[in-house]
Amino acid sequence: MYGQFGGTERVTFALIEEQLRRGAADLLYIEGGGEALSLPPNTRTIKLAGGRMLNCIRPLATYLRQERPEALVVSSWPLTVYAVVARYLSGAPTRLILCEHNTLSLQYAELGVFHRLALRASIAVAYPSADARIAVSSGVASDLAKLGRISTSSISVIDNPVRWIAGQESLADVAVSE
């Protein structure tokens, strides 16, 4: 039971549940003011930071360096960009899968020119270094490609709800198949 969560959270929980059936899964989170989550059994939770999202980069890099997970799935900008930086700082060989669930140009349209430039530049620099890029619709993929001036063909569209691709054993296999 997920309670009152949005689409990103439901997709994340579906991924965790499926990954737990296939092995192990950690849920990394940033403490915020939201309601408590009802997690699938056997999910290891790791708090990266409290307060500002930017504070998660160093703890995430430490996690990647120490735990060396096969793959890391990160949803929603700017966390996706922070994950790219953290993986670089960690030196870990973790496959990085970046997911977008929203049309970013619309989501951040009201925040001004500086924010839009930061959005565009960070996507253009960070997203190409990921092992896989996923969007939940072709519209989200087109928007992401346009914002970051990256090829639409480099973004996989996996419509919600997430379904495992036949023959793949884990989240890490998604990055390999890209």
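What comes next concerns the included structure. (Residues numbered from 1 in each chain as written. Predicted model: local features only at pLDDT ≥ 70, side-chain atom pairs only at ≥ 80, totals over all residues. Heavy atoms only, no water.)

Time to look at the nonpolar core. Counting 36 residues, the largest nonpolar core has Leu60, Trp77, Leu104, Ile123 and Tyr127 as its most contacted members. Among residues more than four places away in sequence, those in contact with isoleucine 123 are Trp77, Leu104, Pro128, Leu144, Leu147 and Gly148. Judged by nonpolar contacts, the second largest core, of five residues, contains Ala71, Ile97, Ala132 and Ile134. (Core = buried A, V, L, I, M, F, W, Y, C linked by side-chain atoms within 4.5 Å. Buried < 20%, exposed > 50% of the residue type's maximum accessible area, 1.4 Å probe, protein only. Contact = heavy atoms within 4.5 Å.)

Time to look at the packing of aromatic side chains. Tallied over the entire structure, the rule returns one aromatic pair. Centroid distance tryptophan 77 to tyrosine 108: 5.2 Å. Interplanar angle 70 degrees. Geometry classified as edge-to-face. Here tryptophan 77, found in the loop between strand E3 (71–75) and helix H3 (79–90), pairs with tyrosine 108, found in the loop between helix H4 (104–107) and helix H5 (113–126); they are 31 residues apart in sequence, far enough to count as distant. The exposure classification of tryptophan 77 matches that of tyrosine 108, with both residues buried. (Phe/Tyr/Trp six-rings, centres within 6.5 Å; stacked < 30°, edge-to-face > 60°. Helix = DSSP H or I, 4+ residues; strand = E, 2+ residues; numbered from the N terminus.)

Inspection of the secondary structure assignment puts threonine 80 in helix H3. Since its relative accessible area comes to 0%, threonine 80 is described here as buried. Those residues in contact with threonine 80 that sit more than four places away from it in its chain are Val74, Ser75, Leu98, Cys99, Glu100 and Tyr127.

The next thing to look at is unusual backbone geometry. Tryptophan 77 connects to proline 78 through a cis peptide bond whose omega is 10 degrees. Look at arginine 68: it is not a glycine, yet its phi comes out positive at around 50 degrees. Residue placement: arginine 68 occurs in the loop between helix H2 (57–67) and E3. Judged by its relative accessible area of 44%, arginine 68 falls in the partly exposed class. Located in the positive-phi region is arginine 149, a residue other than glycine, with phi close to 50 degrees. Within the secondary structure, arginine 149 is located in the loop between helix H6 (138–148) and strand E6 (156–157).

Tracing the backbone through its elements, the reader meets alanine 61 in helix H2. Note: C-alpha distance between alanine 61 and tyrosine 88 (27 residues apart in sequence) is 7.9 Å. For alanine 61, the contacting residues outside a window of four places in its chain are Ala86, Leu89 and Ser90.

We now examine the pairing of strand E4 (residues 95–100). When you tally the buried positions in E4, you get five out of six residues, the bulk of the element. On the question of chirality, the crossover connecting E3 to the parallel E4 by way of H3 is right-handed. Sheet topology note: the E4/strand E5 (residues 132–135) ladder contains four bridges and is parallel. When the sheet's bridge partners are listed, leucine 98 is paired in E5 with arginine 133. (Right-handed = clockwise from strand over helix to strand, strands pointing away. Pairing = 2+ DSSP bridges.)

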